[in-house]
Amino acid sequence: SNTTSESHQSVSDNGITTFRPPDSINQEMEKVASIVRSLQPTVHHYNSVIKAWAHDSDSISVARSRRWLSKLEDGPKNFDDSPDNLLIHTTLQPNDESYDLYLHSCSRGIGKKRHLLRERASEAEDILRYRMSPDAPSNIRPTTDSFNNVIRAWTRCRKDYSVADRVLNLVREMEGIHREVIMKEQHKGQIIEEEKWKLNIIPDSKTYTMAIDSWVIAASVKAEKWYSEQRSQIHNTRRKSHRDGNNVTIHNYENRQENEDGTAEMRNAEAIMEYIRDLEEFGHVDPGAALIAYNTILSGWARLANEFRPDNAKKSEALLYEMIELSESGKENCAPDVLSYNAVIKAWAKSKRLNSADRAEWWLRKMIDGTCQQQSVHTVRPNVNSFNLVMEAFLQLNDASRVEDLLREMDATDGVITPNSESFSKVIRAWTRNALNTSNHSLQSYSIENARRWLEELLQRESQGQSELGPAPELFSSILKSAATCHDDSESLLSVGQWTFWAMRDSRFGVNSLAYEWLLDIGLKVLASQKDNKRREDFLISLVEQCCRDGLLSVRFVKSLSSGRVFDEGWTAGERERICRQIFGDAPFPMHWSRNLCGRYSTPTPEDFCVAKQGYLSEE
């Protein structure tokens with residue numbers, strides 16, 4: 001500046017004249033720098049962002065919380081954009097809350113990819129190890145919640161048998177740390193400052209209930225593998241006996257050991273539950289820990305229940321009786337809730353025994369009667385899942401009438417227990433399964449019509465504003481497939497098939513090539529007689545034209561029409577050839593007829609239209 005005072009000039013050693021700002025300017029620059037420093041975010045601000053992402057359900061939430069934690073971990077930052085390049089230093093570093101929030105994010109089990117869940121659990125444990133290392137800052141030492149978040153992250157790996165060992169190692173490590181610090185305090189009278197953080201490592205009720213869950217996971221993984229092996233063995237044996245003409249009775253699954261089907265792992269889980277009850281006697285765990293432990297065990301036995309191990313349902317039932325007895329003796333924290341009852345009902349439903357549905361309904365009635373009569377202070381009201389599980393039990397026994405009765409019973413509660421989409425799905429599946437499992441042709445059409453009627457009811461309720469209700473595409477497909485594959489050829493089947501087809505077409509799902517194939521099979525079966533020649537021709541021409549417009553003409557559709565079953569009258573080989581000639585004309589065929597098909601072998605070729613040696617396409 002031309003107005004700079006002489007007193008502010010100075011000559012350096014090299015003879016260059018520089019200007020030194022006066023004290024007032026220096027003070028002003030320091031003031032500006034102070035303002036800029038005050039505008040820099042603190043650790044608290046970073047933690048708020050990490051917390052927001054850690055509690056978000058978006059699939060990218062874990063990655064975003066990791067990103068903001070990494071910004072803190074990058075170390076000191078220099079900002080040289082202050083006036084006259086005055087450096088502003090920030091020394092932000094993550095604290096214990098920063099890491100705990102990220103561990104919580106890893107433990108939520110966001111996403112369904114197994115390798116991703118395992119990677120997050122491994123990273124969470126690595127962070128825990130770093131926080132316990134001697135080189136870690138004292139302000140990031142872990143607590144019980146830190147361990148629990150890592151354990152919870154491992155329990156999200158529901159298909160990993162090694163989860164139980166990893167969780168148990170962490171629990172033992174927590175117990176070892178706590179035991180070590182207590183012994184030092186007793187011998188020396190005080191603990192050095194560097195080890196005081198160990199006083200905060202105490203396994204709590206959440207720790208032990210997650211340990212139970214880890215053994216349930218291991219039991220489920222082993223039981224699933226064992227169940228698959230039993231089914232495969234039975235299938236192979238039956239196929240071999242059918243080929244050899246022998247009638248073989250299979251009892252191999254009865255000769256199993258407890259270390260094969262997950263029972264041994266469930267015993268380990270029950271041992272931890274007994275330990276929780278012992279701790280509860282001395283007031284060392286939360287009052288609600290016993291109920292959580294019991295429900296976790298019950299869910300485990302329900303997962304292990306199947307037609308090969310029906311005794312698992314009895315084990316879960318015995319546990320529920322034990323909970324009821326404890327609650328009636330004054331231990332209210334052991335009183336069963338609706339989850340307890342539902343687990344027992346589910347175990348019976350999966351047993352697939354002749355009395356399994358009756359036992360499942362008995363427990364449902366016990367809840368209903370207890371709620372109505374108020375015989376005990378510990379009354380449990382059933383929910384829609386309770387009814388759905390009993391409906392599943394009757395569905396497995398092919399008792400469609402009882403499944404329907406249970407849905408009507410929910411409707412009769414005037415909104416107290418409202419049926420959901422799963423309830424309607426079970427009724428529809430029960431009637432379609434009943435149609436395929438009965439040899440009475442008249443009952444087949446009756447069952448399929450009932451399935452269609454309940455699907456129509458579901459669509460009507462959805463259109464009336466009950467947004468929680470809605471069909472799945474499998475419901476339309478199951479009705480069409482049942483009508484196409486059953487042996488009945490009554491006129492009502494075609495009406496059901498056409499209504500279901502157009503209802504599916506008007507729905508948000510739309511039709512696919514299978515829907516066209518099944519409707520074609522229904523029409524050819526129902527309209528096979530000679531008196532239906534005109535109706536059949538109109539039906540086929542209309543259906544093929546619509547199929548080609550939709551670009552869904554598939555190989556199976558063409559083969560069903562050109563080389564399917566024929567009769568001596570009505571739908572004869574000659575009539576089939578005439579219709580094919582009239583509909584398809586000459587090859588080659590337009591590619592847009594199959595433009596919306598997926599799969600290498602879905603698009604038909606001219607060879608697929610060959611109906612006989614003398615057929616018009618064979619000659620070409």
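All of these numbers come straight from a predicted model, not from anything done at the bench. Per chain, residue numbering runs from 1 following the sequence as it is written. Local features in this predicted model are restricted to residues whose pLDDT is 70 or higher, and side-chain atom pairs enter the listing and the counts only when it is 80 or higher, whereas totals over whole chains, interfaces and linings include all residues. As a rule here, side-chain values cover all heavy atoms of the structure and leave hydrogens and water aside.

(A) Up close: the overall build of the chain. Looking only at helices and strands, one finds 24 helices and four strands in the chain. Think of it in three bands: residues with accessible area under 20% of the maximum for their type are buried, residues over 50% are exposed, and the middle band is partly exposed, with areas taken using a 1.4 Å probe on protein chains only. Considering the chain as a whole, with its 620 residues, one finds that 46% of them fall into the buried category. Contacts between residues were defined by any pair of non-hydrogen atoms, one from each residue, lying within 4.5 Å. Taking the contacts inside the chain whose residues are at least 6 apart along the sequence as the reference set, 69% of them involve residues at least 24 apart. A run of H or I in DSSP counts as a helix once it spans at least four residues, and a run of E counts as a strand once it spans at least two, with each numbered from the N terminus.

(B) Representation of the side chain of Ser-482 within the structure. Relative to the helices and strands, Ser-482 resides in helix α18 (residues 473–485). Assessed through its relative accessible area of 4%, Ser-482 is described here as buried. Filtering out sequence-adjacent residues up to four positions away, Ser-482 remains in contact with Thr-432, Leu-436 and Ile-448.

(C) Broad picture of the packing of helix α12 (residues 338–351) against helix α14 (residues 384–396). Axis geometry follows a simple rule: fit a line to the C-alpha atoms, using only the stretch in contact for helices, then measure angles between N-to-C directions, giving values from 0 to 180 degrees. Orientation of α12 relative to α14, taken along the N-to-C sense of each, is 10 degrees, at an axis distance of 9 Å. As far as their axial angle goes, α14 and α12 are roughly parallel. Seen from α12, the contacting residues are Val-338, Asn-342, Ile-345, Lys-346 and Ala-349; seen from α14, they are Asn-385, Ser-386, Leu-389, Val-390, Ala-393 and Gln-396. Along the lines of polarity and charge, the residues of the contact of α12 with α14 split into six nonpolar, four polar and one charged. Any angle that falls under 35 degrees is termed roughly parallel, while one over 145 is termed roughly antiparallel, one within 65 to 115 roughly perpendicular, and all others oblique. Nonpolar residues are Ala, Val, Leu, Ile, Met, Phe, Trp, Tyr, Cys and Pro. Charged residues are Asp, Glu, Lys and Arg, and all others, Gly as well, are polar.

(D) Region of the structure containing the pattern of salt bridges. Should a side-chain nitrogen of Lys or Arg be within 4 Å of a carboxyl oxygen of Asp or Glu, the pair is scored as a salt bridge. Summed over all chains, the structure comprises 46 salt bridges. The shortest N-O distance in the salt bridge between Glu-317 and Arg-359 comes to 2.8 Å. One end of the pair, Glu-317, is in helix α11 (residues 311–328); the other, Arg-359, is in helix α13 (residues 356–373), and 42 residues separate them in sequence. Note that Arg-429 and Glu-392 form a salt bridge whose closest N and O atoms lie 3.9 Å from each other. Here Glu-392 lies in helix α14 and Arg-429 lies in helix α16 (residues 421–437), a separation of 37 residues in the sequence. The exposure class assigned to Arg-429 is partly exposed, which follows from its relative accessible area of 29%. Overlapping salt bridges, with partners in common, bring together Glu-361, Arg-365, Arg-402, Asp-405 and Glu-409 in one network.

(E) Representation of helix α22 (residues 555–563). For α22, the full list of buried residues reads Val-555, Phe-557, Val-558, Ser-560, Leu-561 and Ser-562. Lining the buried residues of α22 we find α20 (513–526), α21 (533–550) and α23 (573–584).

(F) Main features of the environment of Ala-124. Following the sequence through the fold, Ala-124 ends up in helix α5 (residues 114–132). Under the relative-accessibility criterion, Ala-124 is labelled buried at 0%.

(G) How the structure looks around the confidence of the model for the chain. Scored by pLDDT, the chain has a mean of 86; 85% of the residues are at 70 or more. Long-range and interchain partners of residues 78–88, a stretch whose pLDDT sits below 50, account for 20 contacts in this model, where long-range means more than four residues apart. The score called pLDDT rates the predictor's confidence residue by residue, from a low of 0 to a high of 100.

(H) Broad picture of unusual backbone geometry. A positive phi is found at Asn-398, a non-glycine position, where the angle reads about 65 degrees. Considering the arrangement of structural elements, one finds Asn-398 in the loop between α14 and α15 (400–411). Despite not being glycine, Asp-414 has its phi angle at roughly 60 degrees, a positive value. On the secondary structure map, Asp-414 appears in the loop between α15 and α16.

(I) A look at the packing of aromatic side chains. Note on aromatic pairs: the rings of Phe, Tyr and Trp (six-membered ring only in Trp) are paired at centre separations within 6.5 Å, and the planes decide the class, stacked below 30 degrees, edge-to-face beyond 60, tilted for the rest. Under the defined criterion, the tally for this structure stands at 14 aromatic pairs. With centroids separated by 5.4 Å and ring planes inclined at 45 degrees, the aromatic side chains of Tyr-227 and Phe-308 adopt a geometry described as tilted. Taken together, the positions of Tyr-227 in helix α8 (residues 205–244) and Phe-308 in the loop between α10 (289–304) and α11 put the pair 81 residues apart, joining distant regions of the chain. Taking relative accessible area as the criterion, Phe-308 reaches 6% and is therefore assigned buried. Pairing Trp-362 with Trp-363 gives two aromatic rings, centres 4.8 Å apart and planes at 90 degrees, and the pair type is edge-to-face.

(J) The environment of Glu-468, seen in detail. Topologically, Glu-468 is positioned in the loop between α17 (441–463) and α18. Counting along the chain gives 48 residues from Glu-468 to Asn-420, while the straight-line C-alpha distance between them is 7.0 Å.

(K) View of the state of the cysteines. Sulfur atoms of two cysteines make up a disulfide when they are within 2.5 Å. What the rule picks out here adds up to zero disulfides. Considering cysteine sulfurs only, Cys-548 is the nearest to Cys-547, which forms no disulfide, with 5.7 Å between them.

(L) Highlighting α11. Working rule for helices: expected span equals 1.5 Å times residues minus one. Here α11 contains 18 residues, and its C-alpha end-to-end distance of 26 Å stays within 8% of the 26 Å for a straight helix at 1.5 Å per residue. Here α11 has its buried residues at Asn-312, Ala-313, Ser-316, Glu-317, Leu-319, Leu-320, Met-323, Ile-324, Leu-326 and Ser-327. Downstream of α11 by one or two residues, Gly-330 has phi in the positive range, about 115 degrees.

(M) Just the packing of helix α19 (residues 491–506) against α20, in detail. As a packed pair, α19 and α20 sit with axes 9 Å apart at the nearest point and diverge in direction by 160 degrees. With respect to their mutual orientation, α19 and α20 come out roughly antiparallel. For α19 against α20, the interelement crossing comes out left-handed. Contact residues: α19 offers Glu-491, Leu-493, Leu-494, Gly-497, Gln-498, Phe-501, Met-504 and Arg-505, while α20 offers Ala-515, Tyr-516, Leu-519, Ile-522, Gly-523, Lys-525 and Val-526. A breakdown of the residues in the contact of α19 with α20 according to their chemical character gives nine nonpolar, three polar and three charged. Here a crossing is called left-handed whenever its near helix is offset anticlockwise from the far helix by less than a right angle, and right-handed whenever the offset is clockwise.

(N) How the structure looks around the side chain of Ser-146. Turning to its location among the elements, Ser-146 is positioned in helix α6 (residues 144–155). For Ser-146, a relative accessible area of 0% translates into the label buried. At a separation of 2.5 Å, a polar atom in the side chain of Ser-146 contacts the side chain of Asp-100. Setting aside its immediate chain neighbours within four residues, Ser-146 contacts Asp-100, Leu-103, Leu-128 and Arg-131. Whenever a nitrogen or oxygen atom comes within 3.5 Å of another N or O atom, the pair is scored as a polar contact, on the condition that within protein one atom can donate a hydrogen and the other can accept it, and that pairs from neighbouring residues in sequence are kept only if both atoms are in side chains.

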